[in-house]
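For reference, the chains in residue letters:
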Amino acid sequence: MRRTAVFASLLLSSAAALAGPSYDAPHQADDPASPPAISAAMTRLMDLTEPAMTPAAAEAPTCGVSKALATTTRFCNAAPLQFPGAGAASQYPSDIVVAGLSGVVTDVKVQLLDVTHGNTSRLSARVQHPGGQLVGLTGSGFDVDDAPLPSVLNADWTFADDAEVYALPETGIVSYAHTVPARTNRYLPRVFAALPLPAPAPATTVQQMLASLKGTNPNGTWRLWAAQYTGAEPQPSGTISDGWCLDITTAPVADTCYFTATRTGSLNAGDVQQAGRITRDGKPSLCTAPAKTAALENTTAVRRDRYDFAAISSQPVCVTVTADFTQCGGNQTQIAMYSNYNPATPNTGHLADSGYSTIGSIAFSRRLAANQAFSIVVNEVDAGAGCAQYTFRLEANVCEAPPSGDRIFYGGFQLVIPVG
């Protein structure tokens, strides 16, 4: 077994970008092997009472940086982005040149303005800092192919770490994995099972929090990479008619709110084992979703690596886990979080998991209690499958209270099973 520990902000680079504009999402759930088809008969729209705009969360502590010293400046590129079919947007990348700011970044918010699209589950957007860091805003290797499709008309999307909801994933018996912004609102940035965007977009595994940019130089060229995945016909079309904006907050020094830790390892012959594995239920854990109970899929011994982490915050916190399994080969690698891990019963002490296995990048998140220690376990799906190399990253803003959560059905989709 080979394992190394690295504290950093970036994962290893993933596989090279896909050749051409085709996106075929490699994913697997248990157990069926892939998510059930979504049919109109099984789906109904819900629109529970909620304000059109989610109110901003209360201001978080600055961890030693005075708000009186902070300044927020808006920069925009109003050129429209068009999505006539699969592949890159008409502006690719769309650039914003930031100049004249002093100090370092302490907060960033990203707006996509006047979005109209026939199927938002096909869209993917990432913002790139001048220093090269890549943050995922929205997008997934999963999409919705059956009516009713998640469409949007003239919406403004704001991505901010202090938002209360992820980009309205589709929910229910299939998955929380679909990233489906459905209206004007504030959303937590996140991409799930992210596929590489067309070249020349960076192929590095994304960071999931805009807080990852804290302490960086704000000046230079910021880039928005937006593309549309292929899928079943007809291909949707759409626009971001008024372009996009950055709200950049700077101060003389950075706060200490952003936590990140990266681990790299492999699963090889001779590694320790656990007695079976949990079921891939097709529902990635989310800080905004109720905790789930893991089921034991089987008791066949599989190889695993365990990583223990001390508590990262003295207050409740939302932790995001992003794994890069591009070097593993096949949908044969799982990742889960535990409060108390027992290799003899890997379904006990469970906190969170990715819900799926994949040959690419996969992510999930979990609310942790104050001063809560935890473990991350990476294991084979099938005995002997192994993995030449994997990497995962933890991210959290320890000054930001977790989203209030359990609002996941508002304005989204809920799957219901017809009776009779």
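Relevant structure appears above.
So, here is what we can say about the structure in this document. Sequence order sets the numbering: in each chain, residues are counted from 1 along the sequence as written. With pLDDT at 70 or above as the cut-off, local features in this predicted model cover only qualifying residues; side-chain atom pairs require 80 or more to be listed or tallied, and sums for whole chains, interfaces and linings still use all residues. Excluded from the side-chain calculations are hydrogens and water; all other atoms, namely the structure's heavy atoms, are used.

**Quick look at the overall build of the protein**
So, step 1. A count of helical and extended segments in the protein gives zero helices and 24 strands.
So, step 2. When a residue's accessible area, from a 1.4 Å probe over protein chains only, is under 20% of the maximum for its type it is buried; when over 50% it is exposed; and in between it is partly exposed. In the protein, which comprises 420 residues, the proportion classed as buried is 57%.
So, step 3. Contact definition: two residues touch when any of their heavy atoms are within 4.5 Å. Contacts spanning at least 24 positions in sequence make up 86% of the contacts within the protein whose residues lie at least 6 apart.
So, step 4. Using a 1.4 Å probe, accessible areas were evaluated by the Shrake-Rupley method; residue-level cover was limited to the displayed protein chains. Working note: accessible area of the protein is about 15400 Å², and carbon and sulfur atoms make up 55% of it. Only DSSP runs of H or I with at least four residues qualify as helices, and only runs of E with at least two residues qualify as strands; both kinds are numbered from the N terminus onward.

**Examining the pattern of salt bridges**
So, step 1. Any carboxyl oxygen of Asp or Glu that lies within 4 Å of a side-chain nitrogen of Lys or Arg is treated as forming a salt bridge with it. The full count for this structure, using the stated rule, is eleven salt bridges.
So, step 2. The shortest N-O distance in the salt bridge between Arg-74 and Asp-247 comes to 2.7 Å. Remark: Asp-247 occurs in strand β14 (residues 244-251) and Arg-74 occurs in strand β3 (residues 71-77); sequence separation between them is 173 residues.
So, step 3. Salt-bridge contacts for Arg-186 lead to Asp-162; the nearest nitrogen and oxygen are separated by 2.3 Å. Of the two residues, Arg-186 sits in strand β11 (residues 185-187) while Asp-162 sits in the loop between β10 (152-159) and β11, which places them 24 residues apart along the sequence.

**Remarks on the state of the cysteines**
So, step 1. When the sulfur atoms of two cysteines come within 2.5 Å, that pair is taken as a disulfide. Counted under the stated rule, the structure contains four disulfides.
So, step 2. Here Cys-287 connects covalently by a disulfide to Cys-318, the sulfurs 2.1 Å from one another. Here Cys-287 and Cys-318 share a disulfide; its torsion about the S-S bond, 100 degrees, makes the bridge right-handed. Highlighted residues: Cys-287 in the loop between β16 (273-278) and β17 (296-309) and Cys-318 in strand β18 (residues 317-324), separated in sequence by 31 residues.

**Things to note about the pairing of strand β19 (residues 333-338)**
So, step 1. Judged by how many residues are buried, β19 sits mostly within the fold: six of six residues are covered.
So, step 2. Here β19 shows no split at all, with Thr-333, Ile-335 and Met-337 on one side and Gln-334, Ala-336 and Tyr-338 on the other all buried.
So, step 3. Note on pairing: two strands pair once DSSP finds at least 2 bridges between them. Inspection of the sheet shows β19 paired to strand β22 (residues 374-380) by six bridges, in the antiparallel sense. Following the sheet pairing, Gln-334 is matched in β22 by Asn-379.

**What to know about the side chain of Asp-162**
So, step 1. Since its relative accessible area comes to 16%, Asp-162 is described here as buried.
So, step 2. Two N or O atoms form a polar contact when they lie within 3.5 Å of each other; inside protein one atom must be a possible hydrogen donor and the other a possible acceptor, and for residues adjacent in sequence the pair counts only when both atoms belong to side chains. A distance of 2.3 Å separates a polar atom in the side chain of Asp-162 from a polar atom in the side chain of Arg-186.

**Thoughts on the sheet that holds β19**
So, step 1. One open sheet accounts for five strands, arranged β16-β17-β22-β19-β20; its pairing is antiparallel. For this open sheet the edge positions go to β16 and β20 (350-353), each flanked by a neighbour on one side alone. Recorded for the sheet is a direction-independent mean angle of 45 degrees between the axes of neighbouring strands.
So, step 2. Across six bridges, the pairing between β17 and β22 is antiparallel. Bridge pairing in β22 places Arg-304 opposite Asn-379. Only the stretch in contact is used when a helix axis is fitted, and all axes are lines through C-alpha atoms; the angle between N-to-C directions ranges over 0 to 180 degrees.

**What about the environment of Gly-384?**
So, step 1. The residue Gly-384 is located in the loop between β22 and β23 (387-397) in this model.
So, step 2. We classify Gly-384 as exposed; its relative accessible area is 54%.

**Re the side chain of Gln-274**
So, step 1. The topology assignment puts Gln-274 in strand β16.
So, step 2. Of the residues examined, Gln-274 reaches a relative accessible area of 2% and is grouped as buried.
So, step 3. Engagement of the side chain of Gln-274 in a polar contact is seen with the side chain of Tyr-341, the distance being 2.6 Å.
So, step 4. If near-sequence neighbours (up to four positions away) are discounted, Gln-274 is found in contact with Thr-300, Ala-301, Val-302, Arg-304, Tyr-341, Pro-343, Pro-346, Val-377 and Asn-379.

**Quick notes on unusual backbone geometry**
So, step 1. Cis geometry marks the peptide bond from Tyr-92 to Pro-93, where omega comes out at 0 degrees.
So, step 2. With respect to the helices and strands, Pro-93 occurs in the loop between β5 (87-88) and β6 (94-98).
So, step 3. For the peptide bond that leads from Ala-199 to Pro-200, omega is 10 degrees, which places it in the cis range.
So, step 4. Although it is not a glycine, Asn-154 adopts a positive phi angle of roughly 50 degrees.

**So, empty space enclosed by the protein**
So, step 1. A 1.4 Å probe that fits but cannot get out identifies a cavity on a 1 Å grid over protein atoms alone, an open set with protein on both sides within 12 Å along at least five of seven lines counts as a pocket, and a residue lines either if it has an atom within 4 Å of a point. Grid points are joined across faces, edges and corners, and a volume is the space filled by probe spheres set on the points. Throughout the structure, instances matching the rule amount to seven cavities of 30 Å³ or more.
So, step 2. Within this model, the largest cavity holds a volume of roughly 160 Å³.
So, step 3. If you trace the largest cavity, you find 14 residues lining it, with Asp-161, Tyr-166, Leu-188, Met-209 and Cys-318 closest to the centre.
So, step 4. Charged means Asp, Glu, Lys or Arg here, nonpolar means Ala, Val, Leu, Ile, Met, Phe, Trp, Tyr, Cys or Pro, and polar covers whatever is left, Gly included. For the lining of the largest cavity, a count of residues per class yields eight nonpolar, three polar and three charged.
So, step 5. Reported here for the second largest cavity is a volume of approximately 60 Å³.
So, step 6. Taken together, Ile-278, Thr-279, Arg-280, Gln-334, Ile-335, Ala-336, Tyr-338, Asp-353, Ser-354, Gly-355, Tyr-356 and Asn-379 form the lining of the second largest cavity.
So, step 7. Take the lining of the second largest cavity: its biggest share by element is four residues, from β19.
So, step 8. Split into classes, the residues belonging to the lining of the second largest cavity amount to five nonpolar, five polar and two charged.

**Re the packing of aromatic side chains**
So, step 1. Paired rings are identified among Phe, Tyr and Trp, the last through its six-membered ring, by centres lying within 6.5 Å, and are further divided according to the angle between planes into stacked (under 30 degrees), edge-to-face (over 60) and tilted (the rest). Counted under the stated rule, the structure contains nine aromatic pairs.
So, step 2. With a centroid separation of 5.0 Å and an interplanar angle of 80 degrees, the aromatic rings of Tyr-92 and Trp-225 are classed as edge-to-face. In this pair, Tyr-92 sits in the loop between β5 and β6 while Trp-225 sits in strand β12 (residues 220-228), placing the two residues 133 residues apart along the sequence. Neither residue differs from the other here; Tyr-92 and Trp-225 are each classed as buried.
So, step 3. With 6.4 Å between their ring centres and 75 degrees between their planes, Phe-325 and Tyr-390 make a pair best called edge-to-face.

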